[in-house]
Every structure is written in structure tokens, then in C-alpha cells.
Amino acid sequence: MRLFVSVDLPDDLADPVADLQDEFAAASGLEFTDPEQAHLTMKFLGETDEDRLPALERALSAAVDDADVDPFTVRYGGLGVFPSLDYISVVWLGVEAGGKELTRLHEAIEDRTTAMGFDPEDHEFTPHVTLARMNHAGGKELVQDLVREREPTIGEARVDEIRLTESTLTDEGPVYSTVESFPFE
């Protein structure tokens, strides 16, 4: 199973995400993510044997307890890129509010999953929603201009759980399905 831990955006933010992606439509080289599957990746776990699921689910439940966060609101806004404006591989939507709670959750998830033997993150956690991946630099200048000039806010959503999500790769792109949800108590 190809797994990651996510905070999923609600269905009512799919259209605002799609509208924001439309602003980048003229930039060649971008491959857009499915706005219906928009999410914040809290931790990418990768290929995982199914027999590890019970222990992983216990670890994620404990991570929610460790983070000690109550349901909170995330305001999605702002644009950014990874790794830099000079070399763009990912275009993303940022977080204007709720980042502190997301970071606490990420750190607790990171602690619990690395203790199980999952690889530690090799970069600092930046809460974001991937809008597109850049396959070639044909539209780089347009992307740079939009990221520098636009400060969109697409909406808010209440976050009251994290999800263990399976990613199945298909010819049409990845399909995500929830394996288990871990609500905040």
C-alpha cells in the first residue's frame, strides 16, 4: 500500500482550488492535481506492508493525542513553490491560519512514525496544498509572476481529524482513498 497522512480539504473548496489552478492554465509544463482530491500531506509514508496497518493506526491515534489539538480552522491562501522560484518543481497553495496546529500535528506524526522505522522528513514542514507539478520550465516566467503578484485566499475549513490515505497510481493520475480517520477528541 502506498500511504500518506493527510488533512483533506472539504468538497466546497474544490471549485476555488480549480479556479486558482485556472490562473496558471497558460503556463506550459504544469501538470495539475485533481482539485476534488486537494489535501495537505502531513507525512508521506510510501510503500507499506498491509500487516503494518494495525501498529500504524495505533501510532497515528497516539500522535493525535500527543499533539493535543482541538478542532481548529485553517484558512487557505497565498502561493509558493518548491524548491525555489529559480527552479520550480511544485506550485502550491499555502496556509494563512492554522499553521501552528498543523505543525504540532506534523511533529507528533513524525515522532510516532519515525519511531516505527519510517523515513524521517528531509526538509522542514511547510503546510501546503499541491496545485501543480512542473515537468518543464516552459511556463516558468508566468508561474514566477503569479506567485510574486497574487495573494489569493480561497477559503476556510474546520479541521477535526487526520486521515491515513492510500494512493493508487493509475494512468489518469493518483486516486486517493481513506484507510482510517483519526478524529481529535
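Residues numbered from 1 in each chain as written. Predicted model: local features only at pLDDT ≥ 70, side-chain atom pairs only at ≥ 80, totals over all residues. Heavy atoms only, no water.

1. Some remarks on the environment of Ala 97
Among the secondary structure elements, Ala 97 is positioned in strand β5 (residues 88–97). For the pair Ala 97 and Phe 72, spaced 25 residues apart in the sequence, the C-alpha separation amounts to 9.5 Å. The contact partners of Ala 97, leaving out residues within four places of it in the chain, are Thr 73, Val 74 and Arg 75. (Helix = DSSP H or I, 4+ residues; strand = E, 2+ residues; numbered from the N terminus. Contact = heavy atoms within 4.5 Å.)

2. Details of the pattern of salt bridges
In total, this model carries eight salt bridges according to the counting rule given. A salt bridge links Lys 43 to Glu 121, with the shortest nitrogen-to-oxygen separation between them at 3.9 Å. With Lys 43 in strand β3 (residues 39–47) and Glu 121 in the loop between α3 (99–115) and β6 (129–134), this pair connects stretches of sequence that are 78 residues apart. As a salt-bridge pair, Asp 66 and Arg 112 come within 2.7 Å of each other at their nearest N and O atoms. With Asp 66 in helix α2 (residues 53–67) and Arg 112 in helix α3, this residue pair connects regions lying 46 residues apart in the sequence. A residue is classified by how much of its surface remains accessible, and Arg 112, at 34% relative accessible area, is partly exposed. Here the residues in one salt-bridge network are Asp 8, Glu 161 and Arg 163, joined through shared partners. (Salt bridge = Lys/Arg side-chain N within 4 Å of Asp/Glu carboxyl O. Buried < 20%, exposed > 50% of the residue type's maximum accessible area, 1.4 Å probe, protein only.)

3. Quick notes on the UniProt feature "active site" (unreviewed entry) in the protein chain
Here the UniProt feature "active site" (unreviewed entry) sits at His 39 and His 128. Taken along the chain, the residues just named run across 90 residues; in space they keep tight, none of their C-alpha pairs more than 8.1 Å apart. Mapped onto the secondary structure, His 39 falls in strand β3. Among all residues touching His 39, those that are not within four sequence positions of it are Phe 4, Ser 6, Val 7, Asp 8, Leu 9, His 128, Val 129, Thr 130 and Tyr 176. Note on placement: His 128 falls in the loop between α3 and β6. (UniProt positions renumbered as here; feature names shortened; annotations may be inferred.)

4. A word on the pairing of strand β8 (residues 161–170)
In the sheet, strand β1 (residues 2–8) pairs with β8 via four bridges, with the strands oriented antiparallel. Opposite Ser 6, over in β8, you have Arg 163 as the bridge partner. Here β8 folds back onto strand β9 (residues 173–183), and the loop between the two strands holds two residues. (Pairing = 2+ DSSP bridges.)

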